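Chain by chain, the residues:
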Amino acid sequence: MKQRTIRSKIKLYSITVMAVVLVLSAIMTGIYSRSANRTRIVAELERIANQKNLEFQANLNSQIILALQMAKSPVVVDYFLDPKDDDLFEQAKKEIAAYQESFLGRTSFWINAKDLKFYSDLNYSYTLDPSNPDDYWWNMTMKETEVYNFNINYNKELGKTMLWLNVVVRDTKDNAIGIVGTGIPITEFVNDMYKNLPDGINMYLYNNSLEVTGAKDQKILAEKHSITEFLPGLDNDKALTDQMISFTKKGEYVINPIKVIGWNLVLFVPAQFSDNFSGDVFLFGLILDIVCLIIIVIFTVILYNLMNRTTEHLDTTKEKASVQVDLMDQVNATITENVDYLEQFGNLIEHQINQISTSTENTNDLMNDLEAMNILRKDSIDSTNDLADSSRTGNEHISNITAKIGEMSECTNRLTSANNLIASITSKTNLLAMNASIEASHAGEQGKGFAVVAKEIRALAEKSRAQQQDVSRAIADINAMVKDMVSYSETAKASFDQIVANTERVQDNFQNMSNKLESEASLVQTISANLQNVSNSNQKINLSFAEMKQSNKLVSKEISKAVESSDALLVVTDELLKKIRGEDKE
């Protein structure tokens, strides 16, 4: 039995690709059709939800408008202001009766804030007690409601849901004086909403407690079922919303809130298998399948033509591969010889690198010693500079002290002059006191007072002379000390001048030493840098030879592999030609 040729395999692959394309096309058509169908259904549900919401609110608003007009009626307001007036009572009763006929529920009620009598359908029912908990709606409406409020309940006996509309009656000063209202049968509104509802759409109304308040089957309302019992895909998070929303969960949901009474309208269409197929989308998918099949057929024909050309090229390749195998064997032998030569040259380069490395290490040691000497030299220069600065500063201080001592000497000279003047004044004062005493004795009794003054002046003069003599001795001592300080400061200044001169000579010596060390360090650095450059160059040469050797080895290996691959290529080419031509047999 003949083995399957490549041509037969191409046929098989083409058929397989066709089948896969058909399956994928069907899947994509179904997905796209479902998406388009879902978009259409959601748009339709949103349109219906808006329409039903508007219908409900339109019916409810007409009743609210009537109730508001009844509350603002002048006849009703006049009666509420004076409920004891029988004429006003009859007029208001006729007015309310007229409005009652216009209400859908044909019912009305009112209660006045003054007598608290509750009238239902034009008849008195009872008198309200504001303190009774059952009458909580009265206080809530009168105190907390601006215009009107709602009270909704389901009457089991009537089988109807009633919405009780409580409207506040106000006087001209906007004071609440009573309540009027009516009962609106919401069940009729809900029944109207179910009219013209397309088949296959489920619609429910429910309040904020998720209790069903509107359904096609009225029995559901009496039992107060939860909306989730009928629509399990509706969870609490999505059931209560303040705007229209839509989502998918085993079908399409659209929720639209009826804000005026705090209810929600939900529309639901369950998912069906037929949703995956749409006429337009299915036709598009069919056309796409046909186009794909045509492309595959064309591609298969092209492949057959390519196979024929490939066979011709394979024959040519087989001949060229044989020639290349012989040539690569010769190249491989030459490269092997080059590898041996490169290995010998690399050993010589490596020996030279080792010698240069030793010289570089010795040079580095010398550099380190010079660095240490340079550091010591810098520290010595810094210390010498500090000593020179300190000597100059000390010399300046000695000069300042000498100047100050000179100034002090001048001050003592001035004190000596002043003290001499005081001595002269004291001597003259003593002489004047003596003359005054003599004149006082000559004057007798009249000169006694003057004699006392002369005596005191003489005593003062004696004290002044004693103090002047003490000051003279002190000034003499100061002058002696100043002379000693001048002598000492001159000696210290001469010593500092000698220190400064010696320090400057030491600085010059250190500077000469520093210049020589820097010159030697620069020379050593140049030698080290040159050795390092030589070492780097040799290492690069060594690396280059190593890379060349490794490259030649790799080239040799690759050529060996290429020879093996060429041999294998010859075998594969031969087998491929046989398979294409159908010559292989089992």
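Structure: above.
How each quantity is defined
Residues numbered from 1 in each chain as written. Predicted model: local features only at pLDDT ≥ 70, side-chain atom pairs only at ≥ 80, totals over all residues. Heavy atoms only, no water. Phe/Tyr/Trp six-rings, centres within 6.5 Å; stacked < 30°, edge-to-face > 60°. Helix = DSSP H or I, 4+ residues; strand = E, 2+ residues; numbered from the N terminus. Buried < 20%, exposed > 50% of the residue type's maximum accessible area, 1.4 Å probe, protein only. Lys NZ or Arg CZ within 6 Å of the ring centre and 35° of its normal. Pairing = 2+ DSSP bridges. Axes fitted to C-alpha atoms, helices over the stretch in contact; angles between N-to-C directions. Contact = heavy atoms within 4.5 Å. Arc of directions from axis to C-beta. Patch = residues over 30% accessible without salt bridge, like charges linked within 9 Å, V, L, I, M, F, W, Y side chains within 5 Å. Areas by Shrake-Rupley, 256 points an atom, 1.4 Å probe, with all protein chains shown as cover. Salt bridge = Lys/Arg side-chain N within 4 Å of Asp/Glu carboxyl O. Parallel < 35°, antiparallel > 145°, perpendicular 65-115°, else oblique. Left-handed = near helix turned anticlockwise from the far one by under 90°.

Draft legend 1. Looking closely at the packing of aromatic side chains. Applying the stated criterion to the full structure yields 15 aromatic pairs. When the centroid spacing of 6.1 Å and the interplanar angle of 75° are considered together, the rings of F118 and W137 count as edge-to-face. Taken together, the residues F118 in strand 2 (residues 117-120) and W137 in helix 4 (residues 136-144) connect sequence positions 19 residues apart. Assessed through its relative accessible area of 13%, F118 is described here as buried. Of the residues examined, W137 reaches a relative accessible area of 15% and is grouped as buried. Geometrically, the ring pair formed by F247 and Y253 is stacked, given 4.8 Å between the ring centres and 10° between the ring planes. A relative accessible area of 7% means that F247 is categorised as buried. By relative accessible area, Y253 is classed as buried at 2%. The rings of Y79, F80, F89, W110, Y119 and Y124 are connected pair by pair, giving a single aromatic cluster. Cation over ring: K238 sits above F247, and NZ or CZ is 4.4 Å from the ring centre.

Draft legend 2. Here's a closer look at the environment of S409. The topology assignment puts S409 in helix 9 (residues 279-443). Taking the C-alpha atoms as reference, S409 lies 8.4 Å from I478; in sequence the two are 69 residues apart.

Draft legend 3. Seen up close, the sheet that holds strand 9 (residues 245-248). In space, the five strands of this open sheet follow the order 8-7-11-10-9, with antiparallel pairing throughout. Taken across any chain shown, the strands that pair with only one partner, and hence form the sheet edges, are strand 8 (212-214) and strand 9. Each neighbouring strand pair of the sheet contributes to a mean axis angle of 30°, computed without reference to strand direction. Contacts between helix 5 (residues 186-194) and the sheet are confined to strand 7 (202-207), strand 8 and strand 11 (263-270), with strand 7 contributing the most and set at about 155° to the helix.

Draft legend 4. Examining helix 2 (residues 74-81) more closely. Residues of helix 2 that are buried: V76, V77, Y79 and F80. The arc enclosing the buried residues of helix 2, seen along the axis, measures out at 160°, which places them on a common side.

Draft legend 5. The environment of L54, seen in detail. Among the structural elements, L54 can be located in helix 1 (residues 6-71). C-alpha separation for the pair L54 and I258, spaced 204 residues apart in sequence, amounts to 9.1 Å.

Draft legend 6. Focus on a nonpolar patch on the surface. Nonpolar side chains collect at one region of the surface, where V20, V23, L24, I27, M28 and I31 lie side by side and expose about 570 Å² of accessible area between them. When you line up the elements, L24 lands in helix 1. On the accessibility criterion, L24 (49% relative accessible area) is partly exposed.

Draft legend 7. View of the pattern of salt bridges. The tally for this structure, following the rule as stated, stands at six salt bridges. The partner of R47 in a salt bridge is E44, with the nearest N and O atoms 2.5 Å apart. Placement of the pair is R47 and E44 together in helix 1, with a separation of three residues, close to one helical turn. The class for R47 is partly exposed, based on a relative accessible area of 43%. Taking the relative accessible area as the measure of exposure, E44 reaches 31% and is therefore partly exposed. Of the charged contacts, one joins R170 and D174 as a salt bridge, the two residues approaching to 3.7 Å between their closest N and O atoms.

Draft legend 8. View of the pairing of strand 9. Examined bridge by bridge, strand 9 and strand 10 (residues 251-258) share four bridges and lie antiparallel to one another. When the bridges of strand 10 are listed, T248 appears paired with E252. Between strand 9 and strand 10, which pair antiparallel and follow one another directly, the connecting turn spans two residues, one of which, K250, has a positive phi of 60°.

Draft legend 9. Broad picture of the environment of S125. With respect to the helices, strands and loops of the structure, S125 is situated in strand 3 (residues 123-127). Each C-alpha atom, one on S125 and one on F109, is 9.7 Å from the other, the two residues being 16 residues apart in sequence. When neighbours within four sequence positions are excluded, S125 is seen to be in contact with F118, Y119 and S120.

Draft legend 10. A look at the side chain of T145. When you line up the elements, T145 lands in the loop between helix 4 and strand 4 (148-155). Owing to a relative accessible area of 8%, T145 belongs among the buried residues under this scheme. The contact partners of T145, leaving out residues within four places of it in the chain, are M140, V168 and R170.

Draft legend 11. Up close: helix 5. Every buried residue of helix 5 is listed here: I186, T187, F189, V190, M193 and Y194. Seen along its axis, helix 5 keeps its buried residues to an arc of 160°; they face one direction. Just downstream of helix 5, N196 is the residue with a positive phi angle, here 60°.

Draft legend 12. Seen up close, the packing of helix 2 against helix 3 (residues 86-102). Packing of helix 2 against helix 3 brings their axes to within 9 Å, and their N-to-C directions diverge by 140°. Considering the angle they form, helix 2 stands oblique to helix 3. When the axes of helix 2 and helix 3 are compared, the crossing they make is left-handed. Along its contact with helix 2, which presents V75, V76, D78 and Y79, the element helix 3 presents L88, F89, Q91, A92, E95 and I96.

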